[in-house]
Amino acid sequence: GAGVSQSPSNKVTEKGKDVELRCDPISGHTALYWYRQRLGQGLEFLIYFQGNSAPDKSGLPSDRFSAERTGESVSTLTIQRTQQEDSAVYLCASSLGRASYEQYFGPGTRLTVT
Amino acid sequence: DQQVKQNSPSLSVQEGRISILNCDYTNSMFDYFLWYKKYPAEGPTFLISISSIKDKNEDGRFTVFLNKSAKHLSLHIVPSQPGDSAVYFCAARDGGGSNYKLTFGKGTLLTVNP
């Protein structure tokens, strides 16, 4: 079956512009996660969605970052007024549910802020 | 403060030999550990995991060992194959907190030479 997909695969934007990243999780997966990987670093948790529960936004680095999810499907991560330090690979993952340890990752979106 | 540490950024081994990737952690509340493998331009893929109630888990050529007293785990790949060349991430789940967040190390780049 189809895995987690993300779009765009690459995004180059100018400092100060807004960007929107999209994630399509695996069908039937109720949990969805966003991570960020900066160059030479590990994966940094950003936000978690589980069904209709309130999302855990504790990993969002600033109020310029926000994310939404439509039901148990598509999610968008929005970064407003992008800064150069936002340059990273943004990874989305999904899992069957809260108690599922195994997360399935998409290929990521490489964001470059010039 | 890094709670999951992979102190070797890279490792090079000969095909057919054993690869040993190491991971140290500081949070005693971590109760489940996972290894992910990542090829360039792809998202991480789940490889193998271990619960804190065990000290070893084996799956084919891959074995993970957990030493709770030392807060150390390792991934053994025997025999190593060129296709194993990738970045390997160690991840851990906090059983005492939000049971869906994974904390990742920075990764170790494994190169298996033919």
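Higher on the page you've got the structure.
The rules behind these values
Residues numbered from 1 in each chain as written. Chains lettered and ligands numbered in written order. Predicted model: local features only at pLDDT ≥ 70, side-chain atom pairs only at ≥ 80, totals over all residues. Heavy atoms only, no water. Helix = DSSP H or I, 4+ residues; strand = E, 2+ residues; numbered from the N terminus. Rg over C-alpha atoms; globule rule 2.2 N^0.38 Å. Buried < 20%, exposed > 50% of the residue type's maximum accessible area, 1.4 Å probe, protein only. Contact = heavy atoms within 4.5 Å. Areas by Shrake-Rupley, 256 points an atom, 1.4 Å probe, with all protein chains shown as cover. Core = buried A, V, L, I, M, F, W, Y, C linked by side-chain atoms within 4.5 Å. Pairing = 2+ DSSP bridges. Axes fitted to C-alpha atoms, helices over the stretch in contact; angles between N-to-C directions. Buried area = accessible area lost by both parts, 1.4 Å probe. Salt bridge = Lys/Arg side-chain N within 4 Å of Asp/Glu carboxyl O. Polar contact = N/O pair within 3.5 Å; in protein donor to acceptor, adjacent residues only side chain to side chain.

Novice: With reference to specific residues and values, describe the overall build of chain B.
Specialist: The helix and strand tally for chain B stands at 0 helices and 11 strands. When its helices and strands are written in sequence order, chain B yields β-β-β-β-β-β-β-β-β-β-β. Taken over C-alpha atoms, the radius of gyration comes to 14 Å for chain B, in line with the 13 Å a tight globule of 114 residues would show. For the C-alpha atoms alone, the extent of chain B along its principal axes is close to 45 × 30 × 20 Å. Counting all 114 residues of chain B, 44% fall into the buried class. Expressed as a percentage of contacts within chain B between residues at least 6 apart in sequence, the contacts between residues at least 24 apart total 55%. A total accessible area of about 5,400 Å² is found for chain B, and carbon and sulfur atoms account for 48% of it.

Novice: Quick rundown of the nonpolar core? Include the residues and the values.
Specialist: Residue and element names in this part refer to chain B. With 23 residues, the main nonpolar core has Phe33, Trp35, Leu73, Leu75 and Tyr88 as its most contacted residues. The set of elements that each furnish at least two residues to this core consists of strand 3 (19-25), strand 4 (30-38), strand 5 (45-51), strand 7 (62-67), strand 8 (72-77), strand 9 (86-94) and strand 11 (108-113). It is strand 9 that contributes the most residues to this core, 4 residues altogether. If we skip the residues at most four places from it in the chain, leucine 73 touches Leu21, Asn22, Cys23, Tyr25, Phe33, Trp35, Val64, Phe65, Leu66 and Cys90.

Novice: Now, about the sheet that holds strand 1 (residues 5-7) of chain A: what can you tell me, with residues and values included?
Specialist: Residues and elements named next belong to chain A. Overall, antiparallel pairing links the 4 strands, which are arranged 1-3-7-6 in an open sheet. This sheet does not close on itself; its edge strands, each paired only once, are strand 1 and strand 6 (65-69). Strand-to-strand twist of the sheet, defined as the mean angle between neighbouring strand axes without regard to direction, takes the value 15°. In this sheet, strand 3 (residues 19-24) lies alongside strand 1 in antiparallel orientation, the contact comprising 3 bridges. In the strand pairing of strand 3, serine 5 is matched with aspartate 24.

Novice: So, the interface of chain A and chain B: which residues are in play, and what are the values?
Specialist: Contacts between the two partners involve 19 residues from chain A and, on the opposite side, 19 residues from chain B. Roughly 1,700 Å² is buried in total at the junction of chain A and chain B, and carbon and sulfur atoms are behind 60% of that figure. Taken together, chain A and chain B are joined by 1 salt bridge. With its nearest N and O atoms 3.5 Å apart, the salt bridge here joins A:Asp56 to B:Lys101. On the surface where chain A and chain B come into contact, there are 3 residue pairs in polar contact (both at pLDDT 80 or more). Taken together, the elements giving at least two residues each to the side of chain A that touches chain B come down to strand 4 (31-37) and strand 5 (43-50) of chain A.

Novice: Can you explain the side chain of A:Thr76? Please cite residues and give values.
Specialist: By secondary structure assignment, the location of A:Thr76 is in strand 7 (residues 75-79). Filtering out sequence-adjacent residues up to four positions away, A:Thr76 remains in contact with A:Glu20, A:Leu21, A:Trp34, A:Ser66, A:Ala67 and A:Glu68.

Novice: Requested: an account of unusual backbone geometry, with residues and values cited.
Specialist: Across residues other than glycine, the phi torsion is negative in most instances, and most of the peptide bonds are trans. Cis peptide bonds are those with omega within 30 degrees of zero, and the linkage from A:Ser7 to A:Pro8 qualifies with -10°. Structurally, the position occupied by A:Pro8 is in the loop between strand 1 and strand 2 (10-13). Here B:Val78 and B:Pro79 are connected by a cis peptide whose omega angle stands at -10°. Backbone geometry places B:Ala41, a non-glycine residue, at a positive phi of 65°. Mapped onto the secondary structure, B:Ala41 falls in the loop between strand 4 and strand 5. Taking relative accessible area as the criterion, B:Ala41 reaches 71% and is therefore assigned exposed. Of note in the backbone geometry, B:Lys71 takes a positive phi value of approximately 50° without being a glycine. Within the secondary structure, B:Lys71 is located in the loop between strand 7 and strand 8. A relative accessible area of 26% places B:Lys71 in the partly exposed class.

By themselves, these figures tell us nothing about what the structure is for.
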